[in-house]
Amino acid sequence: METETVRFDTKIAVLLRDDLLVWQRLNVTAFLVSGLGSAVPEVVGEPYQDADGLTYLPMFRQPVLVFEASKEQLTLAHGRALARELPMSVFTSDLFATGHDAANRAAVRAVPTSALDLVGLAVHGPRNAVDRVSKGARMHP
């Protein structure tokens with residue numbers, strides 16, 4: 001099976017705080033990317049189908065790069081994404097103590113932007129803008 005290399009004009013990046021437990025990293029990543037898929041529908045491809053004709057849900061049409069960063073780097077990345085007005089989802093430490101979507105939104109709403117205790121964010125945009133947002137973060141091991 002031949003594959004051609006595709007270079008996308010846009011990039012999807014997830015930045016995770018480097019002090020999270022493994023289960024937290026996975027959980028936060030799943031929540032963060034779900035926001036991008038709904039807010040930026042053009043990043044979602046077509047449904048999949050196997051050889052027997054069974055259909056599966058569509059996924060992102062481009063890779064998702066996952067980075068880790070310190071708390072300070074994450075705060076800087078958040079500010080850079082805001083300054084560039086890029087679509088972004090956030091996950092704060094408060095969300096680990098909530099149990100449903102309405103409580104999650106209330107927890108974020110209760111904290112001023114400058115005081116958010118970010119543990120992760122996902123961003124989508126032009127490659128160079130996302131590169132600038134994630135500057136200083138390292139690829140997740």
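All residue numbers here refer to positions counted from 1 along the written sequence of the relevant chain. In keeping with the model being predicted, local features are shown solely for residues with a pLDDT of at least 70 and side-chain atom pairs are shown and tallied solely at 80 or more, while totals for entire chains, interfaces and linings include all residues. Here the side-chain values reflect all heavy atoms present in the structure, with hydrogen atoms and water set aside.

## Let's talk about a nonpolar patch on the surface
Turning to step 1, where the next piece is worked out: Residues enter a patch when their relative accessible area is above 30% and they make no salt bridge; the linking distance is 9 Å between like charges and 5 Å between nonpolar side chains (Val, Leu, Ile, Met, Phe, Trp, Tyr). Per-residue accessibility takes into account occlusion by the displayed protein chains alone, with areas from the Shrake-Rupley method and a 1.4 Å probe. Salt bridges are defined as contacts in which a side-chain nitrogen from Lys or Arg sits within 4 Å of a carboxyl oxygen from Asp or Glu. On the surface, Tyr48, Leu54, Tyr56 and Met59 cluster together into a nonpolar patch covering about 430 Å² of accessible area.
Turning to step 2, where the next piece is worked out: Note on conventions: DSSP H or I runs of at least 4 residues are helices, E runs of at least 2 residues are strands, and numbering of each starts at the N terminus. Here tyrosine 56 is to be found in strand β3 (residues 55-56).
Turning to step 3, where the next piece is worked out: In this structure tyrosine 56 comes out as partly exposed when scored by relative accessible area, which is 43%. Buried means the residue's accessible area, taken with a 1.4 Å probe over protein chains only, is under 20% of the maximum for its type, while exposed means over 50%, and partly exposed covers the values in between.

## What about the environment of arginine 132?
Turning to step 1, where the next piece is worked out: Its location among the elements puts arginine 132 in helix α4 (residues 127-133).
Turning to step 2, where the next piece is worked out: Distance from arginine 132 to arginine 84, taken between C-alpha atoms, is 9.7 Å for residues 48 residues apart in sequence.
Turning to step 3, where the next piece is worked out: Sequence-distant contacts of arginine 132, that is, excluding residues within four places in its chain, are made with Arg80 and Arg84. Note on definitions: a residue-residue contact is assigned when non-hydrogen atoms from the two residues lie within 4.5 Å.

## Quick notes on the side chain of threonine 29
Turning to step 1, where the next piece is worked out: Along the chain, threonine 29 falls in helix α1 (residues 22-39).
Turning to step 2, where the next piece is worked out: Judged by its relative accessible area of 19%, threonine 29 is buried.
Turning to step 3, where the next piece is worked out: What qualifies as a polar contact is a pair of N or O atoms within 3.5 Å, subject to a donor-acceptor requirement within protein and to the restriction that residues adjacent in sequence count only when both atoms come from side chains. Here the side chain of threonine 29 touches arginine 25 through a polar contact of 2.7 Å, landing on its backbone oxygen.
Turning to step 4, where the next piece is worked out: Ignoring sequence-local partners within four residues, the contact set of threonine 29 consists of Val14 and Leu16.

## Topic: α1
Turning to step 1, where the next piece is worked out: To estimate the expected span of a helix, count its residues, drop one, and scale the result by 1.5 Å. With 18 residues, α1 extends 27 Å from end C-alpha to end C-alpha; this agrees with the ideal 26 Å at 1.5 Å per step.
Turning to step 2, where the next piece is worked out: Those residues of α1 lying buried are Gln24, Arg25, Val28, Thr29, Leu32, Val33, Leu36 and Gly37.

## Some thoughts on the confidence of the model for the protein
Close inspection of predicted coordinates is inappropriate for parts of the model with low pLDDT.
Turning to step 1, where the next piece is worked out: Looking at the protein as a whole, its pLDDT mean stands at 94, while 98% of the residues score no less than 70.
Turning to step 2, where the next piece is worked out: Taken element by element, the protein is modelled with least confidence in strand β7 (residues 138-139), mean pLDDT 92, and with most confidence in β3, mean pLDDT 98. Per-residue confidence from the predictor is reported as pLDDT, a score between 0 and 100.

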